[in-house]
Amino acid sequence: MIKWLFFDLGSTLIDESRCIEYRISELLKQDNAPTKEILEKRMKENAEMNGHPYKDTAKEFDLKTIKWPTHLEKIYSEVPYVLNILTKKYNLGIIANQSSGAEERLQEYGIKSFFDLVISSAEVGFSKPDPKIFLLALNNAGCLPKESYMIGDRLDNDIEPASKLGMNTIWVRQGMFAYENPKIIECKPNFTVNNIYEILKILQIK
């Protein structure tokens, strides 16, 4: 019986498209930058190899990366509706690699009240894919791995480490990591969706 649903934040509940566009635009301003077409092609190719599309591509072209522009994040429009439905049947938690102030940002997004537990890397001192962050969440929730789902956009950070612990998994194909290849990881996601709304069908909630 599933008791807990744990969510990642970036490109899972939070739309990072403007952040990604801004970081690409900043890379393209640099003297040794390729064309936008070439840069985005290499980002996709790196994602398909389960590398980091932004960092690995910037390194290839010797480009300077910039700090993540948190102020450009916004919540996906369907998230409040979906969380409101899910919270009536499940306990909801967050397991995310985030800078300090994750709970405050959830409050600003208007979704903090849906979550019974928030585990953020900046607060606990270790980050995904380290199994310790998942185990901490499960321990705090009083939940067995098989009684939970990990829902996130990254195969390397969310799906594989959670699967190895015995958690069920849902891969959300959004954002920079949507082109990752599940064929080249050891543990495949139980389900794959293109947005959070599709989770309702998987969990048979109408």
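Residues numbered from 1 in each chain as written. Predicted model: local features only at pLDDT ≥ 70, side-chain atom pairs only at ≥ 80, totals over all residues. Heavy atoms only, no water.

What about the overall build of the protein chain?
Phase 1: When you go through the protein chain residue by residue, the secondary structure sums to nine helices and eight strands.
Phase 2: For a compact globule of 206 residues, the expected C-alpha radius of gyration is about 17 Å, and the protein chain comes in at 17 Å, within 12% of that figure.
Phase 3: Seen along its three principal axes, the alpha-carbon backbone of the protein chain occupies a region of about 55 × 35 × 35 Å.
Phase 4: For the protein chain, the proportion of contacts with a sequence separation of at least 24, taken over those separated by at least 6, is 63%.
Phase 5: Between the mean site of the 27 positive side-chain charges and the mean site of the 29 negative ones, the protein chain shows a separation of 4 Å. (Helix = DSSP H or I, 4+ residues; strand = E, 2+ residues; numbered from the N terminus. Rg over C-alpha atoms; globule rule 2.2 N^0.38 Å. Contact = heavy atoms within 4.5 Å. Lys, Arg positive; Asp, Glu negative; His and termini not counted. Charge placed at Lys NZ, Arg CZ, Asp CG, Glu CD.)

A word on the layout of surface pockets
Phase 1: Empty space within the largest pocket amounts to approximately 620 Å³.
Phase 2: Surrounding the largest pocket, 23 residues form its lining, Glu-16, Trp-68, Asn-97, Gln-98 and Arg-154 being those nearest its centre.
Phase 3: Looking at side-chain class alone, the lining of the largest pocket contains four nonpolar, eight polar and eleven charged residues.
Phase 4: Taken as a whole, the second largest pocket spans an internal volume of roughly 220 Å³.
Phase 5: If you trace the second largest pocket, you find it lined by Ile-20, Ile-24, Glu-40, Met-43, Lys-44, Ala-47, Pro-53, Gly-175, Met-176 and Tyr-179.
Phase 6: Elements that contribute at least two residues to the lining of the second largest pocket include exactly α1 (17–28) and α2 (36–48).
Phase 7: A class-by-class count of the residues in the lining of the second largest pocket yields seven nonpolar, one polar and two charged. (1 Å grid on protein atoms, 1.4 Å probe; cavity = no way out; pocket = protein on both sides within 12 Å on 5 of 7 lines; lining within 4 Å. Points joined across faces, edges and corners; volume = space filled by probe spheres on them. Nonpolar A, V, L, I, M, F, W, Y, C, P; charged D, E, K, R; others polar.)

Things to note about the sheet that holds strand β4 (residues 91–96)
Phase 1: The six strands are arranged β5-β4-β1-β6-β7-β8 in an open sheet whose pairing can be described as parallel. Each edge of the open sheet carries a strand with a single partner, namely β5 (117–120) and β8 (191–193). The mean angle between the axes of side-by-side strands here comes to 20°, regardless of whether they run parallel or antiparallel.
Phase 2: Note that β4 and β5 share four bridges and pair parallel. Looking at the pairing, Gly-93 lines up with Leu-117 of β5. (Pairing = 2+ DSSP bridges. Axes fitted to C-alpha atoms, helices over the stretch in contact; angles between N-to-C directions.)

Some points on the nonpolar core
Note on soluble globular proteins: their nonpolar side chains tend to be buried together.
Phase 1: Ranked by internal contacts, the top residues of the largest apolar core, which has 30 residues, are Phe-7 and Phe-115.
Phase 2: Sorting the residues of this core by element identifies β1 (4–7), α4 (79–86), β4, α5 (102–109), β6 (148–152), β7 (168–172) and α9 (199–202) as the ones contributing at least two each.
Phase 3: Per-element accounting of this core gives the leading share, five residues, to α4.
Phase 4: With residues up to four places along the chain from it excluded, the contact list for Phe-115 reads Phe-7, Leu-13, Leu-83, Leu-92, Gly-93 and Ile-94.
Phase 5: Core analysis: the second largest hydrophobic core is formed by 14 residues, Trp-4, Ala-137, Leu-138 and Cys-143 among them. (Core = buried A, V, L, I, M, F, W, Y, C linked by side-chain atoms within 4.5 Å. Buried < 20%, exposed > 50% of the residue type's maximum accessible area, 1.4 Å probe, protein only.)

Quick look at the packing of aromatic side chains
Phase 1: Tallying each qualifying case throughout the model produces four aromatic pairs.
Phase 2: Relative to Phe-6, the ring of Trp-4 has its centre 5.4 Å away and its plane inclined at 10°; by these criteria the two rings are stacked. Here Trp-4 and Phe-6 have matching classes, each one buried.
Phase 3: Pairing Tyr-149 with Phe-191 gives two aromatic rings, centres 6.4 Å apart and planes at 40°, and the pair type is tilted. Of this pair, Tyr-149 sits in strand β6 while Phe-191 sits in strand β8, and the two are 42 residues apart along the sequence. (Phe/Tyr/Trp six-rings, centres within 6.5 Å; stacked < 30°, edge-to-face > 60°.)

Some details on empty space enclosed by the protein
Phase 1: A full pass over the atoms with the stated rule returns one cavity of 30 Å³ or more.
Phase 2: Taken as a whole, the largest cavity holds about 50 Å³ of empty space.
Phase 3: In this structure, the largest cavity is lined by Leu-9, Gly-10, Ile-14, Glu-16, Glu-73, Gln-98, Ala-102, Arg-105 and Tyr-109.
Phase 4: In terms of residue count, α5 provides more of the lining of the largest cavity than any other element does, three residues in total.
Phase 5: Of the residues contributing to the lining of the largest cavity, the split by class is four nonpolar, two polar and three charged.

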